[in-house]
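Commentary on secondary and tertiary structure
Single-letter residue listing:
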Amino acid sequence: TLPIDYSKKTLDIGSLDVNGSPRKLFKNYTGTDMRKGKNVDVVCRGNELLKHFKESSFQNILYLETMEHDSRFWETLKVIKKLLVDGGNLILTVPGINFHKHEHPHDYFRFTKESLIELMNYVGLEVINIEEHENHCKEKHLFLIAMKC
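Everything numeric here is computed off the predicted structure, so don't read it as measured data. (Residues numbered from 1 in each chain as written. Predicted model: local features only at pLDDT ≥ 70, side-chain atom pairs only at ≥ 80, totals over all residues. Heavy atoms only, no water.)

**Some thoughts on the overall build of the chain**
Threshold: For the purposes of this entry, the term helix denotes a DSSP run of H or I that reaches at least four residues, the term strand denotes a run of E that reaches at least two, and both are numbered from the N terminus. C-alpha atoms define the radius of gyration in this analysis, and the globule rule sets the expected value at 2.2 Å times the number of residues to the power 0.38. Remark: exposure states derive from per-residue accessible area (1.4 Å probe, protein chains only) relative to the maximum for the residue type, with buried under 20%, exposed over 50%, and partly exposed in between. By definition in these notes, contact holds between two residues if any of their heavy atoms fall within 4.5 Å. Using a 1.4 Å probe, the Shrake-Rupley method yields the accessible areas, and only the shown protein chains count as cover for residues. When charges are counted, Lys and Arg contribute as positive and Asp and Glu as negative, whereas His and the chain ends are disregarded. Note on charges: their place is set at NZ of Lys, CZ of Arg, CG of Asp or CD of Glu.
Counting its secondary structure elements, the chain contains two helices and seven strands. Against the compact-globule benchmark of 15 Å for 149 residues, the chain has a radius of gyration of 14 Å, which places it among compact chains. Its C-alpha atoms put the chain at 40 × 35 × 25 Å along the principal axes. With 149 residues in all, the chain has 45% of them scored as buried. The contacts in the chain between residues at least 6 apart in sequence include a share of 59% that link residues at least 24 apart. Total accessible area computed for the chain in this model is approximately 8,000 Å², and 51% of it derives from carbon and sulfur atoms. In the chain, 21 positive and 21 negative side-chain charges are present, and the distance between their average locations comes to 6 Å.

Structure follows, in structure tokens:
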């Protein structure tokens, strides 16, 4: 089983509801995005979250289908580590190398398993699980859970 406690304080980075939201899965959920809209509680960029939240505030941080749209994702990842409590989890999904470009509002990056492992090492998060999947169009997609130790 995955180490996610759905009752704990959860931050969703990139929460604007474009094609669904995990909000109803979590009891104590805050959604953030760089744009106002459905499912957004706090408007700010990921690398500016410490202006709105204290360090060690969240058990879970969701960064789903967002990192490729974040022009400073490496800064956001450093902030994520600061926002997580010890033992807290980052749940991350990103498109793989061959995934089609999709603007929301911009699309900058693609990732591999190896790049995600290196990024987690860079910010000091321990990879718990990493998987690669293909959709019906044979486009690769990555799922990762990392923990602050």
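**As for the layout of surface pockets**
Condition: Only protein atoms enter the 1 Å grid, on which a cavity is a set of points fitting a 1.4 Å probe that cannot get out and a pocket is an open set with protein on both sides within 12 Å along at least 5 of 7 lines, lining residues being those with an atom within 4 Å of a point. Grid points are joined across faces, edges and corners, and a volume is the space filled by probe spheres set on the points.
In this structure, the largest pocket encloses a volume near 620 Å³. At the level of elements, strand E1 (9-13), strand E2 (28-33) and strand E4 (58-64) are the ones that each hand at least two residues to the lining of the largest pocket.

**A closer look at the side chain of His102**
Filter applied, for reference: Polar contact is defined as a pair of N or O atoms within 3.5 Å, subject to the rule that within protein one atom must be able to donate a hydrogen and the other to accept it, and that residues adjacent in sequence are counted only when both atoms are side-chain atoms.
When you line up the elements, His102 lands in the loop between strand E5 (84-95) and helix H2 (113-123). Among the residues examined, His102 registers a relative accessible area of 17% and is labelled buried. Engagement of the side chain of His102 in a polar contact is seen with the side chain of Glu68, the distance being 3.1 Å. Setting aside anything within four residues of it in sequence, one finds His102 in contact with Glu68, His69, Pro95, Asp107 and Arg110.

**Examining the pairing of E5**
Sheet faces and side chains relate simply in a regular strand, where the side chains alternate between the two faces. Cut-off, in case you're wondering: A pair of strands is considered paired only if DSSP assigns at least 2 bridges between the two.
Summarising burial for E5: nine of the twelve residues are buried, a large majority. Pairing analysis gives six bridges linking E4 to E5, with the strands arranged parallel. Looking at the pairing, Ile61 lines up with Leu90 of E5. Of the pairings in the sheet, the one linking E5 to strand E7 (residues 140-147) comprises seven bridges and is antiparallel in character. Its bridge partner lying in E7, Leu92 is registered against Leu144.

**Thoughts on the packing of aromatic side chains**
Going by this rule: Here the aromatic set is Phe, Tyr and Trp, taking the six-membered ring for Trp, and pairing holds for ring centres within 6.5 Å; pairs whose planes are under 30 degrees apart are stacked, those over 60 apart are edge-to-face, and all others are tilted. Geometrically, a lysine NZ or arginine CZ counts as sitting over a ring once it is within 6 Å of the ring centre and also within 35 degrees of the ring normal.
Tallied over the full model, the rule gives eight aromatic pairs. Here the aromatic rings of Phe73 and Phe111 are separated by 5.3 Å at their centres, their planes lie at 85 degrees, and the arrangement is edge-to-face. Linking Phe73 in helix H1 (residues 73-83) with Phe111 in the loop between E5 and H2, this pair joins segments that are 38 residues apart in sequence. Of the two residues examined, Phe73 and Phe111, each falls in the buried class. Both rings, one in Phe109 and one in Phe111, keep their centres 6.4 Å apart while their planes meet at 45 degrees; by these two values the pair is tilted. Accessibility expressed as a relative area gives 25% for Phe109, which makes it partly exposed. Directly above the ring of Phe58 sits Lys9, whose terminal nitrogen or CZ lies 5.1 Å from the centroid.

**Comments concerning the nonpolar core**
Short version of the rule: Buried Ala, Val, Leu, Ile, Met, Phe, Trp, Tyr and Cys residues that are joined via side-chain atoms within 4.5 Å together make up what is termed a nonpolar core.
Counting residues in each nonpolar core, the largest one holds 29 residues, and the members touching the most others are Met67, Leu77, Leu90 and Leu116. Of all elements in the fold, only E1, E4, H1, E5, H2 and E7 reach the threshold of two or more residues within this core. If you look at the next biggest cluster of nonpolar residues, it comprises six residues, including Phe26, Tyr29, Leu62 and Ile145.

**Remarks on the sheet that holds E5**
With mixed pairing, seven strands are arranged side by side in an open sheet as E3-E2-E1-E4-E5-E7-E6. Of all the strands in the sheet, just strand E3 (42-43) and strand E6 (126-134) have a single pairing partner and so form its edges. Note that E1 and E4 share three bridges and pair parallel. Bridge pairing links Leu11 to Ile61 in E4.

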